[in-house]
Amino acid sequence: MSNTRSPITQFYNCRVLRDHALVEDCLYVQDGKIIDPAKMFWDEQRVPDVRVNCQGGIVSPGYIDLQINGAYGYDFSNDTDMIEEAVSNISKGLLLQGCTAYCPTTVSSRPEVYHKVLSHLGPRAGSIERGAAVLGAHIEGPFISPLKKGAHELATLRTAARGLADFDECYGLDNLRQHVAYVTMAPEVEGVLDAIPDLIAATGINISSGHSNATTAVANQAHRSGANMITHLFNAMHAFHQRDPGIIGLLGAAESRPFYGIICDGIHVHPHSVMIAYYAHPQGACLVTDAMSAQCLPDGAYKLGEMDVNVHSGHVYIKDTSTIAGSIISLAECVRNFIKFTGASKVEALENATLHPAQMLGIESVKGSLTFGADADILVLDDNLFVQRVFIAGTEATPENVKFNKKI
């Protein structure tokens, strides 16, 4: 409950993203939350203490990135001895980009890595001091297909022949309960499909299908069993075929369809493919960066987990191969690219980086929207969707009050 004596901030001269539309209105914030102004005006007979002139811009919820492996020189899977430093600096850097909440992502690793880092990747509130909110880890692998491993180290991959016991040995079920938002796995890998309902019941995590050679039939079984997401659609999965479209085919299902992550850097997915996916299932689109440690750094040699990768002109490849190994794009740029690729409206593009990711995680009452009671994580954008101002829990974040380091 808000303290009625605490300051109230009004955002005015703006178009607010609300109820799937941009409406000319004001937005009110108190104690880090979006509030209903009726109580302020009529019950308390107050006026705002602080007024923020948005200069005619768009007021949007802060962006949510469901898949990011690292940034600013840090890698969540590789920097295990400085994982708190990595989380702190990445969180602050992302906040200044307009990404106010995210899921730190680990690539396929050995069990000792998960047991060391997952407790540092669990949920934590966002603030000026801490940076973007952490929504819990995204564990990508190692229960994935060797045929679709992408930039994951083959030696780390494993099966789940013993069901929950294998997941416990690899991650620790308590780690999953306390620190993890969702896990990417391939439903055709031995033991995975049968374990999905038990894993969800035992831990409460979300399951995403990805790095998978699954047929549409197997992918559909996984979805019916509780897998509510597809990891980086089109990448590292059974290619679309008219008689068996694989995981991609779930976008055409007549019944329930999953959310899906999609990387709009123009490298991972052709713009036409982005458009096909979006028009097949617009309510499920979640823009993700899949960014790695070189985000916001110069071209050169970097790490993705234990893999050596090279970055050149926006492309990231495993060293001496043509295998794509993440991106260096920001979520803000993905939003703008999405409009270029699909012709979608600003509302649609913004909701793909705000509302839909929150809905996938089941946190839309507090993140990803500007409804009353939601966290006051707010962006002020210009008409071209460039970020002008960022607010976390109602406080403006600037380079002056959010300091962070890069590891070069």
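Our subject is the structure that appears above.
Each value, and the rule that gives it
- Residues numbered from 1 in each chain as written.
- Predicted model: local features only at pLDDT ≥ 70, side-chain atom pairs only at ≥ 80, totals over all residues.
- Heavy atoms only, no water.
- Buried < 20%, exposed > 50% of the residue type's maximum accessible area, 1.4 Å probe, protein only.
- Helix = DSSP H or I, 4+ residues; strand = E, 2+ residues; numbered from the N terminus.
- Pairing = 2+ DSSP bridges.
- Axes fitted to C-alpha atoms, helices over the stretch in contact; angles between N-to-C directions.
- Phe/Tyr/Trp six-rings, centres within 6.5 Å; stacked < 30°, edge-to-face > 60°.
- Lys NZ or Arg CZ within 6 Å of the ring centre and 35° of its normal.
- Core = buried A, V, L, I, M, F, W, Y, C linked by side-chain atoms within 4.5 Å.
- Contact = heavy atoms within 4.5 Å.
- Arc of directions from axis to C-beta.
- Salt bridge = Lys/Arg side-chain N within 4 Å of Asp/Glu carboxyl O.

A word on the pairing of strand E19 (residues 315–318)
Of the two faces of E19, the one lined by Val316 and Ile318 is fully buried and the one lined by His315 and Tyr317 carries no buried residue. The sheet contact formed by strand E18 (residues 307–312) and E19 spans four bridges and is antiparallel. Pairing of His312 across the sheet is with His315, part of E19. Hairpin connection, E18 to E19: the antiparallel pair is bridged by two residues, and Ser313 has positive phi, about 50 degrees.

Thoughts on the sheet that holds strand E17 (residues 300–304)
The three strands lie next to each other as E17-E18-E19, forming an open sheet whose pairing is antiparallel. The open sheet terminates on both sides in strands that have one partner only, identified here as E17 and E19. Looking at each pair of strands side by side, their axes are set apart by 35 degrees on average, direction ignored.

What to know about the packing of aromatic side chains
For the structure shown, the criterion picks out 10 aromatic pairs. Residues Phe143 and Phe167 carry aromatic rings whose centres are separated by 4.4 Å and whose planes lie at 40 degrees to one another, so their mutual orientation is tilted. With Phe143 in the loop between strand E11 (137–140) and helix H4 (164–170) and Phe167 in helix H4, this residue pair connects regions lying 24 residues apart in the sequence. Each member of the pair Phe143 and Phe167 is classed as buried. Residue Phe143 is classed as buried on the basis of its relative accessible area, which comes to 0%. Here Arg51 stacks its cationic end above the ring of Tyr12, 3.8 Å away from the centre of that ring. Between Arg336 and the ring centre of Phe386, over which it is positioned, the NZ or CZ distance is 3.8 Å.

Overview of the nonpolar core
The biggest cluster of nonpolar side chains holds 85 residues, and the ones touching the most others in it are Tyr102, Phe167 and Tyr171. Leaving out residues up to four positions away in the same chain, Phe167 has contacts with Phe143, Ala160, Gly172, Leu173, Met185, Val192, Ala195 and Leu199. With 16 residues, the next largest nonpolar core counts Cys103, Leu135, Tyr182 and Phe259 among its residues.

A word on helix H7 (residues 216–225)
Among all positions in H7, only Thr216, Ala219, Asn220, Ala222 and His223 are buried. The buried side chains of H7 occupy one side of the element, clustering within an arc of 160 degrees when seen end-on. The exposed set on the far side of H7, more than 90 degrees from its buried face, consists of Ala217 and Arg224. Contacts from the buried residues of H7 go to helix H6 (192–203), strand E13 (206–209) and strand E14 (227–230).

Observations concerning the environment of Gly163
Following the sequence through the fold, Gly163 ends up in the loop between E11 and H4. In this structure Gly163 comes out as buried when scored by relative accessible area, which is 15%. Expressed as a C-alpha distance, the spacing of Gly163 and Asp198, which sit 35 residues apart in the sequence, is 8.5 Å.

Some details on the pattern of salt bridges
Evaluation of the coordinates by the stated rule reveals 18 salt bridges. In this structure, the salt-bridge partner of Asp375 is Lys33, at a minimum N-O distance of 2.5 Å. Highlighted residues: Asp375 in the loop between helix H11 (355–361) and strand E20 (378–381) and Lys33 in strand E3 (residues 33–34), separated in sequence by 342 residues. A residue is classified by how much of its surface remains accessible, and Asp375, at 16% relative accessible area, is buried. A salt bridge links Glu396 to Arg389, with the nearest nitrogen and oxygen atoms 2.7 Å apart. Look at Glu396 and you get partly exposed, because its relative accessible area is 24%. For Arg389, a relative accessible area of 27% translates into the label partly exposed. Within the structure, one salt-bridge network assembled from shared partners comprises Lys33, Lys367, Asp375 and Asp377.

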